Amino acid sequence: MNRSIIFLLLIFLGGVTTSRALPQRLVITLDGISYRDMKALQDGVNDTNGWGVVFHRRAFTADEGYFPVSRMISTFPSTSDVAWTDIFGDRPQPGYQRTYFSVAANSEVFVNGLTSTIEHERQMDWQADSNFARSMGYIYSVHTFKYEMHKLVQEFWKVGSTNPVFYVYIRSSDDAQHMDRDILSMLTILDSDLQDLRARYKAQEGHDLQILLISDHGHNHAGRGERVQIRSFLEKAGYHMAQSINGPKDVVLPTSGIEDWIEIHNAPSETEILAEQLVRLEGADVIAARLSDQTNAFLVLNSKGEKAIIRWNAAQNTFQYSAKKGDPLGYLPVIETLSRKGQLEVNGFATADDWMNETMTNHYPLALQRIVRGLTSVTLNPATILVSLDNRYVNAGWLVNDASLLESCGSTHGALDDINSLGIILSNFVPTHDTPSDRVAGLFDNFPGLRAYRSEENGAEWVSKEEQATVRIPRDPFDWDYTSLPDDGLFLRVWSPDLAWSGNSPSLEATIEKISGPSDPSAGAQSLKPTMGHEIRVTFKEQVSFPTNCPYERVYAYPRNLRLEPQANYEISGWGEGEGRNVGRFEFDFRTDSHGRPVAY
Ligand SMILES: [Zn+2]
């Protein structure tokens, strides 16, 4: 070989090995993109501009290498936190929303939805996480969206990791639709930004960038919507709107934002009576309730007074739909089909897969599985009753105390029907098929290389074995190790990159302070400033040891002698002691149960 060629080859190889490898795949989790909107864009739609001129819009086409978009069937309720958590197989959140009802604490718990971050957001390589951009999201959504796209592209080129998959989360696409912005034009912007990114990537890497777009639910584009009068309806029916349940007439309704579904928590003995009354609530479409006197039996009612029972065989994951009066889900023809195909057992049960295949394009897609999971497992504190609203109605929380926000609401989601429930799966590297939220990860090797945020951030939580068992896709060592914990008992789980340092004390210091005053932010501005009680000093000494040592995480038993007041709010701050300095500082709020024990969720 010619010497100069070898020389050139060496330079070339040197260049290749020292240049930083870019990710092979870009996964964009895009909040609230409807299947019907993406389908329309792929097929091409005619639109009219401000001057009445008709123009044609197409995006994410086959010419660009995209496969036909598939349906991503959301959870019920079809809301962001629940659906994303299910898509990534993370441990379910304490509630469907950031304000939720805790059964163990017997109390509504108020969390600031604007500043709190949940697991799927932390697992991203990049998300628009500044509180400023988030609170602005509702006002300047199109600008926020363009800004987020710009930042996404910047971060993609900057990424220093050798991770083959780069994960991002865009939430302004959802905010924009709530504010009635033109989602098709936003998606067209996204498409052209991605075209530029792909061209530059291909020029540099010599091959195509793999792109995967996933959304968590649809959007109804149903306009402003009439506010459903759930509170006065319940009061007239003799119920009492409360923050805890102490009698059959107490009901708790955690609500944040403007939604087309309602969660109701009540005394189990009252569920059936209350559900039967809710069929008369103006704006209710489908009412689903957990029957308290039978295991895994669920009541389904609709506004026409129709009634059915769903039974779930948890061991086999089979479902039975038995219509008692009418056919509230319109599933009787499905039963006929299943029966004709020989997929119905003699007792009327059929597998989750068979129900899925037959109801994918139904008005209420995959309703049996979604109702059962919605009332049992998609959150750690499931409601006793879920109400899916007619698209002409909305449920608005305390935050929406004047009409202005309602006026500007152009679209919402959360309900059981197809337009609320169908999100997207769109790729340019593999054909996809219609898939429910809990099976999406299975299509993509369980999403490898999600950011292990516990190894990079400080944090802590109370955790129990039962709670940790609800993780669907294990990722942290603790997701496997928790099985060696005793069945009952509460533990403090602490994580921080600092904990890996040698010379750290094995114990942990903490102060616990009672927060007094009502925790309900709706009670008025005054209550937003909690007053702190006297401080309790605690040392956590009993560290639990596990088969695999996780350098950035520690788990401590709850100190036996630590007694707190029952039904109270507390704040804990803690730290480890390193060589002459404090490490792994953390802080979080919690509530205690009726015995004065902290509740994990
Ligand atoms: Zn969402």
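Residues numbered from 1 in each chain as written. Predicted model: local features only at pLDDT ≥ 70, side-chain atom pairs only at ≥ 80, totals over all residues.

**Q** An account of the nonpolar core is needed here, citing residue identities and associated values.
**A** Membership of the largest hydrophobic core comes to 112 residues, with the highest contact counts inside it found for Ile287, Val300, Ile310, Ile371, Ile385, Val387 and Ile424. Considering each element in turn, this core owes the most residues, six residues, to helix H8 (residues 183-205). There are two domains that each give this core at least three residues, and those are domain 1 (3-221 + 418-443) and domain 2 (226-408). Residue contacts for Ile424: discarding those within four places in its chain leaves Ile33, Tyr35, Met38, Val69, Met72, Leu213, Ile214 and Ser215. Ranked by size, the runner-up nonpolar core spans 21 residues in total, among them Tyr482, Trp495, Tyr552 and Val555. (Core = buried A, V, L, I, M, F, W, Y, C linked by C-beta atoms within 7 Å. Buried ≥ 20, exposed ≤ 12 C-beta atoms within 10 Å, placed from the backbone. Helix = DSSP H or I, 4+ residues; strand = E, 2+ residues; numbered from the N terminus. Domains from an automatic or database assignment. Contact = placed C-beta atoms within 7 Å.)

**Q** Before we move on, can you summarise the sheet that holds strand E19 (residues 350-351) with the specific residues and values?
**A** One open sheet holds the nine strands; their spatial order is E11-E12-E14-E20-E15-E16-E17-E18-E19, and the pairing between them is mixed. Each edge of the open sheet carries a strand with a single partner, namely strand E11 (240-241) and E19. Against the sheet, helix H10 (residues 271-278) touches strand E14 (261-266), strand E15 (284-290), strand E16 (297-302) and strand E20 (385-389), its axis set at about 175° to E15. (Pairing = 2+ DSSP bridges. Axes fitted to C-alpha atoms, helices over the stretch in contact; angles between N-to-C directions.)

**Q** Describe the packing of helix H11 (residues 332-340) against helix H12 (residues 352-359), and please don't skip the residues or the numbers.
**A** Direction vectors running N to C along H11 and H12 enclose 120°, while the axes themselves pass 10 Å from each other. As the angle between them shows, H11 and H12 are arranged oblique. Seen from above, H11 lies across H12 with right-handed handedness. In contact with Val334, Thr337 and Leu338 of H11, H12 contributes Asp354, Glu358 and Thr359. Residue composition of the contact of H11 with H12, grouped by class: two nonpolar, two polar and two charged. (Parallel < 35°, antiparallel > 145°, perpendicular 65-115°, else oblique. Left-handed = near helix turned anticlockwise from the far one by under 90°. Nonpolar A, V, L, I, M, F, W, Y, C, P; charged D, E, K, R; others polar.)

**Q** Can you lay out the pairing of E20 for me, pointing to particular residues and giving the numbers?
**A** For E20, the tally of buried residues reaches five of five residues, placing the bulk of the element in the interior. In the sheet, E14 pairs with E20 via four bridges, with the strands oriented antiparallel. Following the sheet pairing, Trp261 is matched in E20 by Ser388.

**Q** Any details on the packing of helix H6 (residues 141-158) against H8? Residues and values, ideally.
**A** At their nearest, the axes of H6 and H8 sit 11 Å apart, and the two run at 15° to each other. The pairing of H6 with H8 is recorded here as roughly parallel in orientation. Read as a crossing pair, H6 and H8 show a hand that is right-handed. Contacts between H6 and H8 pair Val142, Phe145, Lys146, Met149, Val153 and Phe156 from the former with Met186, Ile189, Leu190, Asp193 and Leu197 from the latter. Partitioned by chemical class, the residues of the contact of H6 with H8 number nine nonpolar, no polar and two charged.

**Q** How would you sum up the pairing of strand E28 (residues 553-557)? Please name residues and give values.
**A** Here E28 lies mainly inside the structure; four of its five residues are buried. The pairing of strand E25 (residues 491-495) with E28 spans five bridges and is classified as antiparallel. Counterpart to Trp495 in the pairing with E28 is Glu553.

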